[in-house]
Every structure is written in C-alpha cells, then in structure tokens.
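Remarks on the overall topology
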Amino acid sequence: MHYFLKNVPERTQKPRDKGFTMAMDKGLSVRQAEDFLSASQDYVDIVKLGWATSYVTPNLEEKLEVYRNANIPYYFGGTLFEAFIVRNQFDDYRKLLDKYKVPFAEVSDGSIEMDHDEKCGYIQKLKEQVTVLSEVGSKDEEKIIPPYQWIELMQKELDAGAWKVIGEARESGNVGLFRSTGEVRSGLVQEILTKIPYEKIIWEAPQKTQQVYFIKLMGANVNLGNIAPADLIPLETIRLGLRGDTFSHFLDMNK
Amino acid sequence: MHYFLKNVPERTQKPRDKGFTMAMDKGLSVRQAEDFLSASQDYVDIVKLGWATSYVTPNLEEKLEVYRNANIPYYFGGTLFEAFIVRNQFDDYRKLLDKYKVPFAEVSDGSIEMDHDEKCGYIQKLKEQVTVLSEVGSKDEEKIIPPYQWIELMQKELDAGAWKVIGEARESGNVGLFRSTGEVRSGLVQEILTKIPYEKIIWEAPQKTQQVYFIKLMGANVNLGNIAPADLIPLETIRLGLRGDTFSHFLDMNK
Amino acid sequence: MHYFLKNVPERTQKPRDKGFTMAMDKGLSVRQAEDFLSASQDYVDIVKLGWATSYVTPNLEEKLEVYRNANIPYYFGGTLFEAFIVRNQFDDYRKLLDKYKVPFAEVSDGSIEMDHDEKCGYIQKLKEQVTVLSEVGSKDEEKIIPPYQWIELMQKELDAGAWKVIGEARESGNVGLFRSTGEVRSGLVQEILTKIPYEKIIWEAPQKTQQVYFIKLMGANVNLGNIAPADLIPLETIRLGLRGDTFSHFLDMNK
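Residues numbered from 1 in each chain as written. Chains lettered and ligands numbered in written order. Predicted model: local features only at pLDDT ≥ 70, side-chain atom pairs only at ≥ 80, totals over all residues. Heavy atoms only, no water.

An unreviewed UniProt entry lists chain A under the name Phosphosulfolactate synthase, with Roseivirga misakiensis given as the organism. Annotation of chain A in UniProt includes, under Sequence similarities (unreviewed entry), the sentence "Belongs to the phosphosulfolactate synthase family." (UniProt positions renumbered as here; feature names shortened; annotations may be inferred.)

Right, here's the structure in full:
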C-alpha cells in the first residue's frame, strides 16, 4: 500500500549498504523460514543462524536453499566460529563455509579470549573466501570495554578487511552496547559515531526500545541486527514513523 | 472435548456482543494467519492489523481474504487512522477502507493531539461507512488521564456512534489502563465501571496478569483486546477457570 | 553437522532416561506442531499439552496423531487432572486417557489442596493404566514448601509408582523451584539432590537462565521441562556448550 501516505521517510532499496536489517534465525523449520520470508522478504537483508544453532539444525541444507532461493544471504553466528577456533579447527571451519555455500562469515571473540592481532588475522584470511562481518563486544556482562577501545577495535577490524562491524548485544539485548537492563549505553554509542561512519556499523538491537533509540538517533536507514523474524514488519513501521514510538519524531522532522 | 467437565463458566457464542476477543496480527504471513485460525477460530471475534503494519504488509489482500473466508472481521489499527489524519488525508483513508473491504475502523488519538469534538466528528462520519471502534488513552506513558475524564471521553464517543470503546494499552500493556510496569490501574478501571456498562468496553490486555485481572473482576465474558494469536487458547482456559490463575476463582463462585 | 566439532559433551539418545526434554504445547495448530517437530524432533522426548489447553483445542485428535506419528509421547497438563478431581470426575479422566490414547498422566496438586496420601493413591491407580509423572510444588507463589518437605513428597511419590517427579515452575518460571523474579532457589535444588537421584527429576525450566543453571550444575544430560517449542534448538546448544552461556563451562571441564 506504499502509494498513499505523504511524507514517509525514504528507505534504501536492496541491495542495501545502509538501512540494512539482519534477522536472527535461532532454529526455524524450513516452513517457518518460508513463512517469515513471505511476509518480510523486502525488509530483511541478511539472515544469521544465531550462534551455533546451525550445528544442531536438521535439514540445514534444505533451509539454506530457502534463503538462497529468496536471494537472502545467510551466515553462521560468531559463536560457531569461536567454537572452531578454540578447538584449533580453523581449517575445518573454512571447509564448512564452502560446503554450505555460506557467503558471509562472522569473526568474533565474545566467548573466548583472543589476541586482537590474531582476530584481525582471521579477518584477513577469511576475506579471501567470503565477505567478513566482525563483531566487537563481549557476551560477558561484567566485561566492560571503554569507548576509546571500542573505536580502536572497530577501526582495526575494518582496516583488516571487515565489510562492516557489529556491535554486540546477544539475542537478549543485555550486554555490550546495552546495560543488563537492556538500556542503551548512549554515551558509548555517541562516542563511537564521532569516529566510525554509522553505515559501517550493524547495531544489534533485539528489543523495541533499542531499535527506536537507534532510529531516532541515526534515521530510518540505520543498520540493525539480531531482529527476530516476527519483528521485521514492526521494525519497518518504526523506521517509517508509522508506530507510536517514532510517529511524532519523523513528523517533527518534516516541519 | 467440551462435553465432560462440570461447572465450567458458560461462554457467549459468536457473533458475540460480550465475551469478545480481539486478536492482534502484527505482521503474520498468509500461512501463519491460517495456522492461528485453525487452532483458535472459535476464540477470536475480530482481528486488528496492529497500528500501521498493514502499510508494509505484502500480499495484504490475500491475507485479508483468509480472514474473510473464516468470517472473522478485521480492521486496521488506530495509528494508521492517525497517520492519515495528521497528513490531511482523511478522504484517502475512507477510500482505503472501501478498497480493502474493511468492515470496522478505529478512531483514536494515541499519538496525536486532537480536539475531542473533532474526534467525535470522525466517529460520526465513519459510522456511515463502517462499524466504529474508538479508543481512549494515550500511548505516551507520561500522559495520565484522570478517571472522570476517561468516563467523559468514553461516554461522548459512544454517544457519537462508536459501537464500543477501547481502553488503550499498546501491544506491550504498559500505558493507558496500566502503569509502566504493566500493573493495572485498578482504581481507574473500577471508577469507569460505575458509569460505563462493561460490555461497551474492550479492555486491551496483552499480558496474562492483566487478562486474569479483568476476568476475575467482570467474569468469563469480559471483552479483551490486543491478544497475541498464540495466547488465544491460553486466554480461553483462563476465561473457563481451567488455568491455575482463575482455577479457584470460578470454583469458589460455584459454592 | 555433528561430525566436525571435537570435545562436545556426549548426549544420551532416544529413548532417553536422562538428558530428557519435555516441551510444552500451549495451543499449537496441527501445522505448527508439524513445524516444530521438523526442526526439533531429535531434541524433544515428550510433549505436554500445557495445563487444560487440551480442553479447548479443536482438532485435538488430529494433532495428537502428529505426535504419535513422530513417536513423541504426549500427555495432558496436571491442571486438567486437578480439574477432574475437584469435580469428582476421576473416572471420566481415566476414560479420557483411553479415548485419546494418552500414554502418560501427570498427577499434581498445584491449584488444589489434596491430602498427600490421596495424591499417592491416584499415582498408584493411574500407574496401572499409564506411565505416571507426578509434580511437586504449588502454582501459588506465596506457598513456600521447605526443602525437607520437597524431598519427602518426591520420595513418597516415587515410591507410589511415579516414573519421575517434576519440579513445578509454571509456563513462566516464577514459582515452585524459582523465586517470583525467576531466580533459582538454589539451596532448595541442592538439598533435593542430596537425597533424590537427579535423573528421577524433571526440572521445569522455561527461562534460559534457569536452563543454564541446571546444565551447569548437573551436566548436559539433566532432564528439563516446560521448554517452549521455539527454544528446543537453543536448549540443545546450551547442553552442548555451543552457546555463550555454557561455552567456557564445558571447555574448562575438558581441561
């Protein structure tokens, strides 16, 4: 019905470099994957098979084919990468990407300790094979990284060849970019934005209040991640100022 | 299995004037809509396509046909109405209702400031075309309306031609009738009930504790809204005293 | 993809006596039941039709056939049993189990007061007909049972013929084994474990933090219940140390 409402924020079109949405599949069946695409295919740019769920997913090949047929790239969560690294199975990981025709890979260190040069080395190696997303931030809520260090890590990972960097939040949205209550560390976010172009970052924002925060701060075309499949349509309305939370925000901008 | 348990509260039958349940579809695919109807068709009286989700829903016509074929009336959330009003597109809104054969319309002012006479004017105009639901309460959690004013607004909207009035709660259940914690403003509810017949009100009650509150207060056949599709079967058990929360309540009434 | 990661905890195989997962169906449609089995059939050992949802489920026979065809045993929640008992309809309940070919029955007293000898009597009678699960703990968050009494009740119910005993938590995970915040009563759990073998207990643990607690305490092959269908794949990764929450826990054990 896109033709009839005036003054709705303009959205980027696929393939999107910004205004990009990453959805998290944490174990959908083949038919459930088809269902969510049938409602939200236009609003999802990439699907992450969350953490290591792909390891225990039956019919994995069949589900990935659903995404390929819809031209939605997919990748396996960073925890799977870390599970291979910590077991000294990096070569097996590379073979896995080939075997499942995975076009992206996430390099992260949310659950393990890894020297940052080593992390950047993995980014460099993997970018020969796939498009690399790298993730900054720990899954441990007690590990607080100061803003200057977030910036330094992000910059180095982009320099090493990451296409975009991801700000960690987990499926629940209560670590990394957020306090344990889910509240945004807004000082951190704003300091990052003084140094890293906003379109180079994918902000994990599983909770509605978090999505609203980023959209109000950076506009309709901010990159957001860890979106539950059922929240893709709601998110699109928030981006367009068509849900209570951003309704006045975008109207005021048009004044 | 309805034949075998004694002393279960009697439920009204469709078409229900009370004991009415409004479900919220916030972006279901066609197949997901079929799925929830196949489990819960008897327990849903009307479907709201939440806020302006209909604006970004692909295959909208196809999904509405699923509801029509099941004899479930549907309507578009009040935020869509407000999005048209705030853009001076009321005539376009009226055409939209015709185009999609929408049998109901919601008149609300949850996200915009609107003179109450103007609001009642929209109710009067729209009731020539469709059945009107009007909604009282702000989506802004800081805007507290005192009880006497809730009553006055509700009465005027019913007088203007609203079939029923809706008490605002949002999808999350933390504004309007509820505190930001989700707790019911029970003084408000009870004061409203001294003046407005309970069957003229649809109480938005997305959270289980809220549903339990209204059912204990007004019985199995209270009108409830903003029910998630997956909660329709659970809600029916609460209405019948067959879930822990109301199990003793209805047994005690039979003593 | 189970072939490629080294040092992953070994899981028991079906039919499982421990490492057992009970999923809660609270009103799925037939197709939704098929969907969750197609993704998670290997990770679910039994399905509970939560509380008395079976009473209001249309096409119940058809859904149960889906579970039977997948070789997943099913049963009706304890609240349904209690609804029959409180109405003096125990014989009707027994007929119901036959009519729907229900292989298990839950004997509980979460919503009613029942003499414990009477409860054990029902266990003894029902075990002639089906496999019995009995549940300890109240659904009333104000009813706190001291640890020594949990142990005594559990032991007597096992002696009466219960195959396993269930620790109550409800769908929400905020009573019985848990505080109203969802936090585990860990002193209670640990005291129970001094007397009752852990494989004789099914711990209701609907929340992720609760699942993590039990898996860290008792290992990958603890019996867990009240798992939402969408959480079966995530739970399996937690059991295998392939999600952030237990990632280091199992690695440290391998050192």
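Alright, that's what it looks like, and here's the rest.
Contacts between the two partners involve 29 residues from chain C, matched on the other side by 33 residues from chain A. Each partner contributes to the roughly 2700 Å² buried at the junction of chain C and chain A, and carbon and sulfur atoms together form 58% of this total. Across the pair Asp245 of chain C and Arg170 of chain A runs a salt bridge, and its minimum N-O distance is 2.8 Å. The tally of links between chain C and chain A comes to 12 residue pairs in polar contact (both at pLDDT 80 or more). Of all the elements in the fold, those that place two or more residues in the side of chain C that touches chain A are helix H1 (30-40), helix H9 (232-239) and helix H10 (244-254) of chain C. When grouped by side-chain class, the residues that make up the side of chain C that touches chain A number 14 nonpolar, 6 polar and 9 charged. (Contact = heavy atoms within 4.5 Å. Buried area = accessible area lost by both parts, 1.4 Å probe. Salt bridge = Lys/Arg side-chain N within 4 Å of Asp/Glu carboxyl O. Polar contact = N/O pair within 3.5 Å; in protein donor to acceptor, adjacent residues only side chain to side chain. Helix = DSSP H or I, 4+ residues; strand = E, 2+ residues; numbered from the N terminus. Nonpolar A, V, L, I, M, F, W, Y, C, P; charged D, E, K, R; others polar.)

In this structure the tally under the stated criterion is 39 aromatic pairs over all chains. The interplanar angle of 15° and the centroid separation of 4.7 Å between the aromatic rings of Phe4 of chain A and Phe84 of chain B together place this pair among those described as stacked. Here Phe4 of chain A, found in the segment before strand S1 (21-25), pairs with Phe84 of chain B, found in helix H3 (residues 78-86), and the two come from separate chains. Measuring from centroid to centroid gives 6.2 Å for Phe178 of chain C and Phe214 of chain C, while their planes differ by 80°, and the two rings are edge-to-face. With a gap of 36 residues between them, Phe178 of chain C in the loop between strand S6 (164-167) and helix H7 (186-193) and Phe214 of chain C in helix H8 (residues 208-218) connect regions that are remote in the sequence. Classification of Phe214 of chain C as buried rests on a relative accessible area of 0%. Note that Lys164 of chain B overlies the ring of Trp163 of chain B, its terminal NZ or CZ placed 4.5 Å from the centroid. (Phe/Tyr/Trp six-rings, centres within 6.5 Å; stacked < 30°, edge-to-face > 60°. Buried < 20%, exposed > 50% of the residue type's maximum accessible area, 1.4 Å probe, protein only. Lys NZ or Arg CZ within 6 Å of the ring centre and 35° of its normal.)

Mapping chain C onto chain A leaves a residual RMSD of 0.0 Å; the transformation is a rotation of 120° accompanied by 0.0 Å of translation along its axis. Taken together, the rotation angle and the small translation identify this as a three-fold axis. The C-alpha atom lying nearest the rotation axis in chain C is that of Gln32 of chain C; the distance is 5.1 Å. In this assembly the copies use different faces: only 3% of the residues contributing to the interface of chain C also contribute to that of chain A. (Least-squares fit on C-alpha atoms with pLDDT ≥ 70 in both.)

Taken residue by residue, the interface counts 33 residues in chain B and 29 residues in chain A. Buried area between chain B and chain A, summed over both chains or domains, comes out near 2700 Å², and the portion from carbon and sulfur atoms is 58%. Taken as a group, Tyr55, Val56 and Arg87 of chain B account for 29% of the area that chain B buries against chain A, more than any other trio of residues on that side. Between the two partners, chain B and chain A, sit 5 salt bridges. Note that Arg243 of chain A and Glu171 of chain B form a salt bridge whose closest N and O atoms lie 2.6 Å from each other. When contributions to the side of chain B that touches chain A are tallied by element, the ones reaching two or more residues are helix H1 (30-40), H3 and helix H4 (90-99) of chain B. Top contributing element to the side of chain B that touches chain A by residue count: H3 of chain B, with 6 residues. Broken down by class, the residue content of the side of chain B that touches chain A amounts to 14 nonpolar, 10 polar and 9 charged.

Here we take up the side chain of His116 of chain C. Residue and element names in this part refer to chain C. Note that His116 resides in helix H5 (residues 116-126). His116 gets classed as buried once you look at its relative accessible area, which sits at 16%. At 2.7 Å, the side chain of His116 and the side chain of Glu157 are in polar contact. Those residues in contact with His116 that sit more than four places away from it in its chain are Leu153, Lys156 and Glu157.

Applying the stated criterion to the full structure yields 60 salt bridges over all chains. A salt bridge links Lys119 of chain A to Glu157 of chain A, with the nearest nitrogen and oxygen atoms 2.9 Å apart. Residue Lys119 of chain A is located in helix H5 (residues 116-126), and its partner Glu157 of chain A is located in helix H6 (residues 147-160); the two are separated by 38 residues in the primary sequence. Residue classification places Lys119 of chain A among the buried residues on the basis of a relative accessible area of 1%. Relative accessible area serves as the criterion here: at 0%, Glu157 of chain A is assigned to the buried category. Note that Arg179 of chain B and Glu183 of chain B form a salt bridge whose closest N and O atoms lie 3.4 Å from each other. Residue classification places Arg179 of chain B among the partly exposed residues on the basis of a relative accessible area of 35%.

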